[in-house]
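Per-entry structural report
Residue strings, one per chain:
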Amino acid sequence: MATIKLLIPGPSLTFDMDSAERFGVVVMVPLTATFMYVLTVFSFGLAGDLAARQSMYPARMFTLPVSTTELALWPMLYGGAAMVLLWLATRFLAVWPSGFDIPVIWPALAAVSLLAWTQALTWLPYGLPGLRVIVAVLWLGVMDSIVLLALQYKAPEPVMLAGLAPQVPLAFLVARYAVGRARRGDVPDWRGPFVRRRVADAPDRRDRFPSPGRAQAWFEWRRHGRSLPAWVGLLLPFELSLLFITGNTPALVFVILLGVLLTPPVMAAFAAATVPRSNPAVGDSYGLTPFLATRPLTSAALIAATLKATIWSTVAAWMLVLGAIPLALRWSGTWSVVVEQMRQAAVHIGTPRVVVIVLLIVSGFIAATWKQLMQSLYIGLTGRAWLIKGSVFLTLALLSLLGPIAQWIIDNRGVQAALWDALPSILALLVCVKMSAAAWIAARLYRSRLLSDRTLISGAACWCVAVLALYGLLAWFFSTPFFPRYVLALVAILAIPLARLSAAPLALAWNRHR
């Protein structure tokens, strides 16, 4: 942000953040995404199952010749330092100059406290599956509510510091206790009353899988699939709680809703880091483990199993989002704000088009979540650490640049006119790149026989049907001479994923036969 401000030449190309809407888009969206990423990294949330009973602290670190205190201290210390640097960089570089009165010290301490308690609660073993998510949401929700009330009533900074300062050492004590229990292998089991008893050595056919593919799909769901819904469920209460302090400002309400809708795709973009190392003890690269690579399954069957797990993960995450948004709007009193905006839109463009817009937005975010999971999948399956880390860094960089660039375009009529004139050429170039990549991948898949001819032809036919359906919907919606039909066709071709989804078998084969 500071670099963009220094490099912008002249006052005609500058942008300001004097409105709450611009501040939210330009600053809060990238800051929130980076905060969530740092939160998951330093709590080891990308390397474990948030819904499991076992501690999420990596078991391979328990054998290190260091004390339990050091095992808990250093991740918390590094994570706290990262949170402080993130806030200070945002406060003194990203929002400068700004007309907002923003505190300096206590937000950094609040971020450190949230991270410390997240680490403590995720490293603690629990007696029931899913209990970790419930406890974390309740406790962190209490802390978040205190911070929101302080913002609402403009609490002075000394009061906030006095309330937040004891949280960090208390969280460290809980984290040390949690790591100590996990290091001893102490995992409580409270499932006794909920588990059906059966006679020993009596086989149960319902415990068997009808095929190796079904077994692998179940394994992938238990291995990676539950992480995205669990993290989305953990973050939703903190994001939706902002609706309680927006009042009746429509712009802020919709900015918060936009951030909520962006949460599943953003978290899915980090899923590449969940692909485990082949041998972490010796520092091998990320990717498919030899144990999985030698299973009696074809590469296509492995990809199909992971594909099913990504679909289940996407559906579970979005069921949480679509269920939580109406409840939050109703309880916060902002439901009437959204309804009024929808009514005004219906007056101008008609109710059918408003319904189509809402469905397209929600469907687009759902598809983006699944596409990000698939893209992260094949990036992780390549087994190249530099590619995995580079993809995460690129995601955060794009989120940081998206707001300023969009605001700069909105504030400059000349740039808008130039982009509008060049839009067909830009779309045509992107379509050429996409189709060339898809043709190259299809040729590689055909020559390597990773997928059968029938699968390739069926996939291409389904993609063409999806493109035609989206084009028909866009042609009905934009029935105006301002949008030529060929532009809508180009948009439909770009919107339906093709090359990135087809690259997963190649990435798996690259790593499997490496």
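**Quick look at the overall build of the protein**
Per the secondary structure count, the protein includes 19 helices and 0 strands. Counting the 514 residues in the protein, one finds 42% classified as buried. Here the analysis covers contacts within the protein between residues at least 6 apart in sequence; of these, 81% occur between residues at least 24 apart. Split by element, the accessible area of the protein, about 26,900 Å² in all, is 71% carbon and sulfur.

**Concerning the packing of helix α4 (residues 106-123) against helix α7 (residues 167-183)**
When two helices pack together, their arrangement is given by the angle between the helix axes and by the axis-to-axis distance. Contact geometry for α4 and α7: axes closest at 8 Å, N-to-C directions at 20 degrees. Accordingly, the angle class assigned to the pair α4 and α7 is roughly parallel. The handedness of the crossing between α4 and α7 comes out as left-handed. On α7, the residues touching L109, V112, S113, A116, W117, A120 and W123 of α4 are Q167, V168, L170, A171, V174, A175, A178 and V179. Of the residues contributing to the contact of α4 with α7, the split by class is 13 nonpolar, 2 polar and no charged.

**Thoughts on the nonpolar core**
Proteins that are soluble and globular tend to have nonpolar side chains buried together. In this structure, Y57, W123, L240, V321 and I325 are the most contacted members of the largest nonpolar core, which totals 65 residues. Non-local contacts of V321, meaning those with residues more than four positions away in its chain, are made with V232, L236, V260, L261 and P264. Membership of the second largest hydrophobic core comes to 15 residues, among which are V431, L470, L488 and L490.

**Examining the packing of aromatic side chains**
On inspection of all chains with the given rule, the structure shows 10 aromatic pairs. Pairing W117 with W139 gives two aromatic rings, centres 5.2 Å apart and planes at 70 degrees, and the pair type is edge-to-face. Pair noted here: W117 is in helix α4 and W139 is in helix α5 (residues 131-152), with a separation of 22 residues, a long-range link. W117 sits in the buried class, given a relative accessible area of 8%. The exposure class assigned to W139 is partly exposed, which follows from its relative accessible area of 35%.

Definitions and limits used
Residues numbered from 1 in each chain as written. Predicted model: local features only at pLDDT ≥ 70, side-chain atom pairs only at ≥ 80, totals over all residues. Heavy atoms only, no water. Helix = DSSP H or I, 4+ residues; strand = E, 2+ residues; numbered from the N terminus. Buried < 20%, exposed > 50% of the residue type's maximum accessible area, 1.4 Å probe, protein only. Contact = heavy atoms within 4.5 Å. Areas by Shrake-Rupley, 256 points an atom, 1.4 Å probe, with all protein chains shown as cover. Axes fitted to C-alpha atoms, helices over the stretch in contact; angles between N-to-C directions. Parallel < 35°, antiparallel > 145°, perpendicular 65-115°, else oblique. Left-handed = near helix turned anticlockwise from the far one by under 90°. Nonpolar A, V, L, I, M, F, W, Y, C, P; charged D, E, K, R; others polar. Core = buried A, V, L, I, M, F, W, Y, C linked by side-chain atoms within 4.5 Å. Phe/Tyr/Trp six-rings, centres within 6.5 Å; stacked < 30°, edge-to-face > 60°.

Note that every value here comes from positions in space, so none of it alone points to a role or purpose.
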